[in-house]
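# Structural features, examined
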Amino acid sequence: MSKITAAITAVGSYVPDFVMTNKILETLVDTNDEWITTRTGIKERRILKGEGLGTSYLAIKAAEQLLSKRKLDPKEIDMVIVATATPDMMVAATAAYVASEIGAENAFAYDLQAACSSFLYGMSTAASYIQSGRYKKVLLIGADKMSSIIDYTDRTTCIIFGDGAGAVLFEPDTEGLGLQDEYLRSDGIGRNFLKMDAGGSLLPASEETVKNRQHFIYQDGKSVFKFAVTNMANAAAKIMERNNLTHEDVNWLVPHQANKRIIDATSNRMGVEDSKVMMNIQKYGNTTSATLPLLLSDYENQLKKGDNLVFAAFGGGFTWGSIYLKWAYNS
Ligand code: UT7
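Below is a summary of the structure that appears in this document. (Residues numbered from 1 in each chain as written. Predicted model: local features only at pLDDT ≥ 70, side-chain atom pairs only at ≥ 80, totals over all residues. Heavy atoms only, no water.)

## Structural notes on the overall build of the protein chain
Note the cut-off: For the purposes of this entry, the term helix denotes a DSSP run of H or I that reaches at least four residues, the term strand denotes a run of E that reaches at least two, and both are numbered from the N terminus. Here the term buried applies to any residue with accessible area under 20% of the maximum for its type, exposed to any over 50%, and partly exposed to those in between, with areas from a 1.4 Å probe on protein chains only. In what follows, residue pairs with any heavy atoms lying within 4.5 Å of each other are defined as contacts. Computed with a 1.4 Å probe, the accessible areas rest on the Shrake-Rupley method; for each residue, only the protein chains presented here act as cover. Within this scheme the basic residues Lys and Arg register as positive and the acidic residues Asp and Glu register as negative, but His and the chain ends are omitted. Charge coordinates come from a single atom per side chain, which is NZ of Lys, CZ of Arg, CG of Asp or CD of Glu.
Helix and strand content of the protein chain: 11 helices and 13 strands. Within the span of the protein chain, comprising 331 residues, buried residues form 54% of the whole. Restricting to contacts in the protein chain with at least 6 residues of sequence separation, those with at least 24 account for 76%. Total accessible area on the protein chain stands at roughly 14,300 Å², and carbon and sulfur atoms take up 49% of it. The centroid of the 34 positive side-chain charges in the protein chain is displaced by 3 Å from the centroid of its 38 negative side-chain charges.

## A short note on helix α11 (residues 291-299)
For α11, the buried fraction is high: 8 of the 9 residues fall into the buried class. Along α11, the residues classified as buried are Thr291, Leu292, Pro293, Leu294, Leu295, Leu296, Ser297 and Tyr299.

## Side note on unusual backbone geometry
Following glycine 317, the chain continues to phenylalanine 318 via a peptide bond in cis, the omega torsion being -5 degrees. The topology assignment puts phenylalanine 318 in the loop between β12 (308-315) and β13 (319-326). Backbone geometry at alanine 92 places phi at a positive 100 degrees, although glycine is not the residue there. Residue placement: alanine 92 occurs in the loop between β4 (79-83) and α4 (94-101). One non-glycine residue, asparagine 244, lies in positive phi territory at about 50 degrees. Within the secondary structure, asparagine 244 sits in the loop between α8 (221-242) and β11 (252-255).

## Considering the sheet that holds strand β5 (residues 108-112)
For clarity, the threshold we go by: Any two strands with at least two DSSP-identified bridges between them are counted as paired. An axis is simply a line fitted to the C-alpha atoms; with a helix, the fit covers only the stretch in contact. Between two such axes, the angle follows the N-to-C directions and lies from 0 to 180 degrees.
With mixed pairing, 5 strands are arranged side by side in an open sheet as β1-β7-β6-β4-β5. The open sheet terminates on both sides in strands that have one partner only, identified here as β1 (5-14) and β5. Averaged over all adjacent pairs, the angle separating strand axes in this sheet is 20 degrees, with direction ignored. Note: β1 against strand β7 (residues 163-173), 9 bridges, orientation antiparallel.

## Some words on the site of the ligand
Threshold: For this purpose, a residue is taken to be near a molecule or strand whenever a single non-hydrogen atom of the residue falls within 4 Å of it. Contacts described as polar in this section are N or O atom pairs within 3.5 Å, which, within protein, must combine one atom able to donate a hydrogen with one able to accept it, while residues neighboring in sequence count only if both atoms come from side chains. Points on a 1 Å grid over protein atoms alone make up a cavity when a 1.4 Å probe fits among them but cannot get out, and a pocket when they form an open set with protein on both sides within 12 Å along at least five of seven lines; lining residues each have an atom within 4 Å of a point. Think of it this way: if more than half of a molecule's atoms are within 2 Å of a pocket's grid points, that molecule is in the pocket or cavity. Classes in brief: Ala, Val, Leu, Ile, Met, Phe, Trp, Tyr, Cys and Pro nonpolar; Asp, Glu, Lys and Arg charged; the others, Gly included, polar. Boundary definitions for the domains trace back to an automatic or database domain assignment.
The ligand sits among 22 residues. The nearest are Thr31, Arg39, Lys222, Asn259 and Asn286. Contacts to the ligand include threonine 31, whose side-chain N or O atom sits 2.7 Å from a nitrogen atom. At a separation of 3.0 Å, an oxygen atom of the ligand approaches a polar backbone atom of glycine 221. In isolation the ligand has 950 Å² of accessible area, and contact with the protein removes 75% of it. When each cavity is represented as a set of grid points, the ligand is found to reside in the second largest pocket. Those elements that provide at least two residues to the shell around the ligand are α2 (33-40), α8 and α9 (260-270). Looking at which element gives the most residues to the shell around the ligand, the answer is α8, with 4 residues. Each residue belonging to the shell around the ligand can be placed in one class, and the counts come to 10 nonpolar, 7 polar and 5 charged. Each of domain 1 (5-176) and domain 2 (179-326) contributes no fewer than three residues to the shell around the ligand.

## Examining the layout of surface pockets
This is how the line gets drawn: Grid points are joined across faces, edges and corners, and a volume is the space filled by probe spheres set on the points.
Here the largest pocket is characterised by a volume of approximately 1,000 Å³. Residue composition of the lining of the largest pocket, by class: 16 nonpolar, 14 polar and 6 charged. Three or more residues apiece are contributed to the lining of the largest pocket by two domains, here domain 1 (5-176) and domain 2 (179-326). Its boundaries defined by the atoms lining it, the second largest pocket holds a volume of some 690 Å³. Every residue lining the second largest pocket is counted, 29 residues in all, and those nearest its centre are Ile160, Gln219, Gly221, Lys222 and Asn259. Elements with a contribution of two residues or more to the lining of the second largest pocket: α2, α6 (155-158), α8, α9 and β12. Residue classes in the lining of the second largest pocket are distributed as 13 nonpolar, 10 polar and 6 charged. Shared between two domains, the lining of the second largest pocket holds at least three residues of each, these being domain 1 (5-176) and domain 2 (179-326).

## Focus on the environment of glycine 122
In this fold, glycine 122 is placed in helix α5 (residues 118-131). Judged by relative accessible area, glycine 122 falls into the buried class, the value being 0%. Note: C-alpha distance between glycine 122 and asparagine 243 (121 residues apart in sequence) is 21 Å. Excluding residues that lie within four positions of it along the chain, glycine 122 makes contacts with Leu112 and Leu140.

## Focus on the pattern of salt bridges
Opposite charge on two side chains permits them to pair, given that their charged atoms come into close proximity. Cut-off, in case you're wondering: By convention in these notes, a salt bridge is any Lys or Arg side-chain nitrogen within 4 Å of a carboxyl oxygen on Asp or Glu.
As enumerated under the stated definition, the model contains 14 salt bridges in all. In this structure, aspartate 181 engages arginine 242 in a salt bridge whose closest nitrogen and oxygen atoms are separated by 3.0 Å. Pair noted here: aspartate 181 is in strand β8 (residues 178-186) and arginine 242 is in helix α8, with a separation of 61 residues, a long-range link. A cluster of three or more residues bridged by salt bridges with shared partners is formed by Arg70, Glu76, Lys137 and Glu171.

Printed below as a string of structure tokens:
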């Protein structure tokens, strides 16, 4: 019997309608379009408006698009993983609600949190369940409503993040396609540089924490930038080296969309030309767990069966890594 690999066999995505442009941000904080564009590459991002809509709303929409594109009966899904840093609630997995809402009544579901590396780590988790032969259809969704934890008076963070969701289906493959190798790392020193202080077990919510604006994301951008540039590029280079991939063998770099300058540093280190670098940061900003599947969704039509994709991400924690995956279908 040939070895079972875990392939991505379908993709779906969703971004909310409201477009928050750099011009709008200029009216909220002391910033300007030129600074944001040259420092980050971001022109606009999407924001989920409306009372009572959380990350599950985004995740459900992305999953439903996947199901309808693929004409898949949700009852066939074995498990649902929602990769997210902004779950609907601290307790009660968002994934369980999402699975029920999309009709995946035979699935079990849970959330996975590793900040901006949530989806990358989720790929490893989803693929392992498939490779082991334990499950046949694993739905991995990356979704974040970052606007729910952003301080729109803090110009250092509010210009970066946006809301969105993407979903992929992992299934067994016997042609050797799908996930080939992974290099995943973490370093707890990072939690001082990118964090949301309050609302967890360390510092539960109180009047004081609200007054001190500790339920918003804090980032020491410069320090995170330094770690991100080095580690994302190193991880991608390591995956190439370990799998004897030259820049010519790599068809696509699928990099986390945090800052165009970090993406450029990674592609330069790999020697991969710009035309092979997936990029949509200009439209969506940093959607945390959703960046990688949103890229797959935007570029799906250009992907060919057998293409070599190198994923790379870096996020809070710190968490980071790279995954080498062979694309499994033509659109
Ligand atoms: O996805 C998870 C991981 N996160 C990341 O990878 C993000 C990594 N960090 C970054 O992308 C960048 O550090 C930022 C985009 C957050 C900031 O860019 P930077 O080039 O590192 O800027 P900086 O923090 O060094 O600030 C440079 C200057 C400062 O002014 P002075 O001290 O030189 O006078 C800031 O006060 O830019 C100022 N500044 C701004 N000016 C206009 C900071 N934010 C803004 C702003 N608009 N929004």
